[in-house]
Amino acid sequence: MSLSVLANAQNVSREEIRGLDEQIQDVKKDVISLTSELNRLEEKLLFPSNTQAAFFISLAGSASGEEFSLESVEVKLGNQVVAHHLYTYREIEALQQGGVQRIHTANVQTGAHPLVVSYHGKSKSGKEYSGTASFSVEKAVGPKFVEIQIAGTQSAINFKDW
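Residues numbered from 1 in each chain as written. Predicted model: local features only at pLDDT ≥ 70, side-chain atom pairs only at ≥ 80, totals over all residues. Heavy atoms only, no water.

## Here we look at the sheet that holds strand S3 (residues 80-86)
With antiparallel pairing, four strands are arranged side by side in an open sheet as S3-S2-S5-S6. In this open sheet, the two edge strands, each paired with only one partner strand, are S3 and strand S6 (128-139). Neighbour-to-neighbour, the strand axes of the sheet open up by a mean angle of 20 degrees, direction not taken into account. Strands in contact with helix H2 (residues 89-96) are strand S2 (68-77) and S3; relative to S2, the strand with the most contacts, it is inclined by about 90 degrees. (Pairing = 2+ DSSP bridges. Helix = DSSP H or I, 4+ residues; strand = E, 2+ residues; numbered from the N terminus. Axes fitted to C-alpha atoms, helices over the stretch in contact; angles between N-to-C directions. Contact = heavy atoms within 4.5 Å.)

Set out below in C-alpha cells:
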C-alpha cells in the first residue's frame, strides 16, 4: 500500500513539475516579447521619425576578387565623432557575407550636415588599406537613412542615400 502511494506521489510531482516548466517557458516568451516591444518604443521615443538619421556600414564586393577585412571605422557628423568601431572576426565575416551594420542613429535637424567617414583594413595578403570620404547629408522632415559602403581594396567609400 505504501509503495503505491509513494509511486502515485512521484507521478503527481513529475506532472506538477512539467506543468511548472511549461508555465516558466510561457513567462520567458512573454518577457522576451515585452522586452522587444519596449526596445521598439524606446527607439521611437528617443529618435522620433521626423528627426531620425541612421547610418549603416556595408562592404562592397571586391572587383579584384581579393578578400578584404575591415578593422575599424570612424564616423564624424557635423565635425563631431559620433561613432568609432573596431571589428571582431564575427562582424567581419558577417559584413563579407553581405551583412549591414547600423553604426549610429541620431536626432538631426533639417538641413545639410557634413558626414566624414574613415576606415582601416587589410587584404588577405596583408596589404593595408585606408580611406576617408565626405558626404553631405540632406535631412528633410522624416527619417533619413545613409548606407556607407566600403570598397576596401579600391580604397573607396560610396554613400547611398535612402
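## Overview of the environment of Val108
By the element assignment, Val108 lies in the loop between strand S4 (101-107) and strand S5 (111-123). C-alpha separation for the pair Val108 and Lys139, spaced 31 residues apart in sequence, amounts to 7.3 Å. In this structure Val108 touches Thr51, Ala53, Leu77, His113 and Lys139, once residues within four positions along its chain are discounted.

## Things to note about the sheet that holds strand S8 (residues 156-161)
Note on sheets: strands pair through backbone hydrogen bonds, and any given pair is parallel or antiparallel. Strand order across the open sheet formed by four strands is S4-S1-S7-S8, with mixed pairing between neighbours. The sheet is open, and its two edges are formed by S4 and S8, each paired on a single side. Strand-to-strand, the axes of this sheet are offset by a mean angle of 20 degrees, without reference to chain direction. By the bridge criterion, six bridges tie strand S7 (residues 144-151) to S8 in an arrangement that is antiparallel. Note on S8: the bridge partner recorded for Ala151 is Ala156.

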